[in-house]
Amino acid sequence: MEVFYYLVFGALSAVVAGLELGKSGKDRVATPTAFNAFKNNYVLVYSLMMSGDWLQGPYVYYLYSQYGFDKGDIGRLFIAGFGSSMLFGTIVGSLADKQGRKRACITYCITYILSCITKHSPQYRVLMIGRILGGVATSLLFSAFESWLVAEHNKRGYDPQWLSITFSKAIFLGNGLIAIIAGLFANLLADNLGFGPVAPFDAAACFLAIGMAIIMSSWSENYGDSSEGKDLIAQFKGAAKAIASDEKIALLGAIQSLFEGSMYTFVFLWTPALSPNDEDIPHGFIFATFMLSSMLGSSIASRLLARKMKVEGYMQIVFSVSAVTLFLPVATSLLVPASLKGNGISFGGSLQLLGFCTFESCVGIFWPSIMKMRSQYIPEEARSTIMNFFRIPLNLFVCVVLYNVNAFPITVMFGMCSIFLFMAAILQRRLMVVADLHKLSTKAQEMTGEDEPLNP
């Protein structure tokens, strides 16, 4: 493997270690023991849930191909997963507000464990059921857990600013370190120990079962709007009304869909972008480098949030930088000559790799920051429902991209993602303006109320 990869990984490791070890008093918030125990419990559960997800990632496509399915068949399985998340996942995830967030988190564990079990069958129909179950589980993973955390945090009377501490730590471990360890562990099980490509899915089911046991034994239940007379349709109408009547919520949903849609498209495109002429690249090592970059981003986010930096302000910069990094494949295809077929990574590929690492750092900043904004702007009574509404355009976008992935040149796809990210930056600017105006008007109303004389 080329020295370049080791240099990038080593440099990122040094920066992440330096940031974590060099945190000053300004970067740390003093919190009571009770909150620390609550935070550590959630971070442990979230890390177990994410390990169940990350263990599967490297071997999904490979397992399907080993069962003899071609690219078209595998593509339809992936589309079924995202389509299921968009349709069934929205319904199941929205039920969390009425039926309970803890119950929804347990449902996630059971659904994903069943999805893992289906991987033992080479039958296409069984695998399709597994993808549908996985799509439902994904919607619960990205809505129920966060909804439970915010409600429980507020119910216990903790400082709202401390939420960002839990978000940052959960993303640093669950979306960074755990992803790297899970990838290495999956490789150990499937290849080094020779258990085959199904083994990582069995390991994922075990981690999910452990996490479910912790949830059942240590979490209390909380709800959104649990009114007896309110059915699912009424919940959907209430969520839609909240989005339509509050520009801040609508803007937040649009920003999330634009960024995450670009992020998931990047997941499908980074491999052909770095090896357009079948260059020999270490996929597993590059994936670990991306996850290390994400850890760097979450470490930066924890510092920004600890110093109470305005999320709506710095995220404009993050989205703009992301747009530039995903435009690099377009620029290098025009300005940098291609390498010979079968050689190592080209000069243009090296530039793109550095850009992609920067993009992954932006992803690391994005997650705790968007969680912080969601906790501020989304009403508690319909939190899970609204969060799943946000995922509808995201999943629709990814399905369209997957269906047409061979219809457009890769540079067109990256250019489209770059435009979406610039749009996210513009909408983030608008969100900051609207939020500031709302604060000023609220403050003015409070001052007017204080100045009014008492009735005689």
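Preceding block: the structure.
Keep in mind that this is a model prediction, so the values were computed, not measured.

1. Some thoughts on the overall build of the protein
Next up, step 1: Across its full length, the protein holds 16 helices and zero strands.
Next up, step 2: Whereas a compact globule of 456 residues would reach a radius of gyration of roughly 23 Å, the protein reaches 22 Å, a difference of no more than 12%.
Next up, step 3: The C-alpha extent of the protein, read off along each of the three principal axes, is 90 × 45 × 45 Å.
Next up, step 4: Here the protein holds 456 residues, and 54% of them are scored as buried.
Next up, step 5: When contacts within the protein are restricted to residue pairs at least 6 apart in sequence, those whose partners lie at least 24 apart make up 88%.
Next up, step 6: Counting every atom, the protein has about 19900 Å² of accessible surface; 67% of that belongs to carbon and sulfur.
Next up, step 7: Separation between the mean location of the 33 positive side-chain charges and that of the 31 negative ones in the protein comes to 2 Å.

2. Examining a nonpolar patch on the surface
Next up, step 1: A surface patch of nonpolar side chains, amounting to about 260 Å² of accessible area, comprises Ile110, Leu114 and Ile117.
Next up, step 2: Looking at the secondary structure, you find Ile117 in helix H5 (residues 101-118).

3. Quick look at the nonpolar core
Next up, step 1: Met49, Tyr108, Phe145, Phe290, Met315, Phe356 and Ile386 are the most contacted members of the largest nonpolar core, which totals 140 residues.
Next up, step 2: Apart from the residues lying within four places of it in its own chain, the contact partners of Met315 are Ile365, Phe366, Ser369, Met373 and Gln428.

4. Examining unusual backbone geometry
Next up, step 1: One non-glycine residue, Lys308, lies in the positive phi region at around 55°.
Next up, step 2: Relative to the helices and strands, Lys308 is located in the loop between helix H12 (283-306) and helix H13 (311-335).

5. Here we look at the pattern of salt bridges
Next up, step 1: Scanning the entire structure with this criterion turns up 11 salt bridges.
Next up, step 2: As a salt-bridge pair, Arg101 and Glu380 come within 2.8 Å of each other at their nearest N and O atoms. On the criterion of sequence distance, the pair formed by Arg101 in helix H5 and Glu380 in the loop between helix H14 (347-377) and helix H15 (383-403) is long-range, its members being 279 residues apart.
Next up, step 3: Since its relative accessible area comes to 24%, Glu380 is described here as partly exposed.
Next up, step 4: For Glu260, the salt bridge identified is with Arg391, shortest N-O distance 3.6 Å. Residue Glu260 is located in helix H11 (residues 247-274), and its partner Arg391 is located in helix H15; the two are separated by 131 residues in the primary sequence. Of the two residues, Glu260 and Arg391, both sit in the buried class.
Next up, step 5: Members of the salt-bridge network, linked through shared partners, are Asp97, Arg101, Glu380 and Arg383.

6. So, H11
Next up, step 1: Between its terminal C-alpha atoms H11 stretches 39 Å, which fits the 40 Å expected from 28 residues at 1.5 Å a residue.
Next up, step 2: The largest bend in H11 comes to about 45°, at Phe268, with the proline Pro272 one to four residues further on.
Next up, step 3: The element H11 is extensively covered by neighbouring structure, given that 21 of its 28 residues are classed as buried.
Next up, step 4: Residue Asp246 occupies the N-cap position of H11, its side-chain oxygen lying 3.0 Å from the main-chain nitrogen of Lys248.

7. Quick notes on the environment of Ala179
Next up, step 1: Structurally, the position occupied by Ala179 is in helix H8 (residues 163-192).
Next up, step 2: Ala179 gets classed as buried once you look at its relative accessible area, which sits at 0%.
Next up, step 3: Once the C-alpha coordinates of Ala179 and Trp54 are considered, the two residues, 125 residues apart in sequence, prove to be 5.6 Å apart.
Next up, step 4: Excluding residues within four positions of it along the chain, Ala179 makes contact with Trp54, Leu173, Gly174, Phe287 and Met291.

8. Notes on empty space enclosed by the protein
Next up, step 1: Following the criterion strictly, the structure yields two cavities of 30 Å³ or more and no others.
Next up, step 2: Reported here for the largest cavity is a volume of approximately 100 Å³.
Next up, step 3: Surrounding the largest cavity, 14 residues form its lining, Tyr42, Tyr46, Leu141, Glu146 and Met371 being those nearest its centre.
Next up, step 4: Secondary structure elements with two or more residues in the lining of the largest cavity: helix H2 (33-54), helix H7 (144-155), H8 and H14.
Next up, step 5: Among the elements that make up the lining of the largest cavity, the one with the highest residue count is H8 (four residues).
Next up, step 6: Put simply, the second largest cavity is a space of about 30 Å³.
Next up, step 7: Taken together, the residues of the lining of the second largest cavity break down into three nonpolar, one polar and three charged.

9. Quick look at the packing of aromatic side chains
Next up, step 1: For the coordinates displayed, the defined rule picks out 36 aromatic pairs.
Next up, step 2: Ring plane angle 25° and centroid distance 6.0 Å describe the contact between Phe259 and Phe359, whose orientation is recorded as stacked. Of this pair, Phe259 sits in helix H11 while Phe359 sits in helix H14, placing them 100 residues apart in sequence. The same class applies to Phe259 and to Phe359, which are both buried.
Next up, step 3: Ring plane angle 15° and centroid distance 5.7 Å describe the contact between Phe356 and Phe414, whose orientation is recorded as stacked. One end of the pair, Phe356, is in helix H14; the other, Phe414, is in helix H16 (residues 410-451), with 58 residues separating them in the sequence.
Next up, step 4: Ring pairs connect the aromatic residues Phe35, Phe38, Tyr42, Tyr46, Tyr108, Tyr112, Phe145, Trp148, Tyr158, Trp162 and Trp219, which therefore count as one cluster.
Next up, step 5: Sitting above the plane of the Phe78 ring, Arg131 keeps its charged end 4.6 Å from the centroid.

10. Side note on the side chain of Gln316
Next up, step 1: One can find Gln316 in helix H13.
Next up, step 2: Setting aside residues up to four positions removed in sequence, Gln316 forms contacts with Ala425, Gln428, Arg429 and Met432.

11. Observations concerning the packing of H11 against H12
Next up, step 1: Contact pair H11 / H12: the axes reach a minimum separation of 12 Å and the direction vectors enclose 130°. Comparing their axes, H12 and H11 come out oblique. Note on packing geometry: the crossing formed by H11 with H12 is right-handed. Contacts between H11 and H12 involve Phe266, Trp270, Thr271 and Leu274 on the former and, on the latter, His283, Ile286 and Phe290.
Next up, step 2: Taken together, the residues of the contact of H11 with H12 break down into five nonpolar, two polar and no charged.

Definitions and limits used
- Residues numbered from 1 in each chain as written.
- Predicted model: local features only at pLDDT ≥ 70, side-chain atom pairs only at ≥ 80, totals over all residues.
- Heavy atoms only, no water.
- Helix = DSSP H or I, 4+ residues; strand = E, 2+ residues; numbered from the N terminus.
- Rg over C-alpha atoms; globule rule 2.2 N^0.38 Å.
- Buried < 20%, exposed > 50% of the residue type's maximum accessible area, 1.4 Å probe, protein only.
- Contact = heavy atoms within 4.5 Å.
- Areas by Shrake-Rupley, 256 points an atom, 1.4 Å probe, with all protein chains shown as cover.
- Lys, Arg positive; Asp, Glu negative; His and termini not counted.
- Charge placed at Lys NZ, Arg CZ, Asp CG, Glu CD.
- Patch = residues over 30% accessible without salt bridge, like charges linked within 9 Å, V, L, I, M, F, W, Y side chains within 5 Å.
- Salt bridge = Lys/Arg side-chain N within 4 Å of Asp/Glu carboxyl O.
- Core = buried A, V, L, I, M, F, W, Y, C linked by side-chain atoms within 4.5 Å.
- Expected span 1.5 Å × (residues − 1).
- Bend = angle between axes of the 7 residues up to and from the residue.
- Polar contact = N/O pair within 3.5 Å; in protein donor to acceptor, adjacent residues only side chain to side chain.
- 1 Å grid on protein atoms, 1.4 Å probe; cavity = no way out; pocket = protein on both sides within 12 Å on 5 of 7 lines; lining within 4 Å.
- Points joined across faces, edges and corners; volume = space filled by probe spheres on them.
- Nonpolar A, V, L, I, M, F, W, Y, C, P; charged D, E, K, R; others polar.
- Phe/Tyr/Trp six-rings, centres within 6.5 Å; stacked < 30°, edge-to-face > 60°.
- Lys NZ or Arg CZ within 6 Å of the ring centre and 35° of its normal.
- Axes fitted to C-alpha atoms, helices over the stretch in contact; angles between N-to-C directions.
- Parallel < 35°, antiparallel > 145°, perpendicular 65-115°, else oblique.
- Left-handed = near helix turned anticlockwise from the far one by under 90°.

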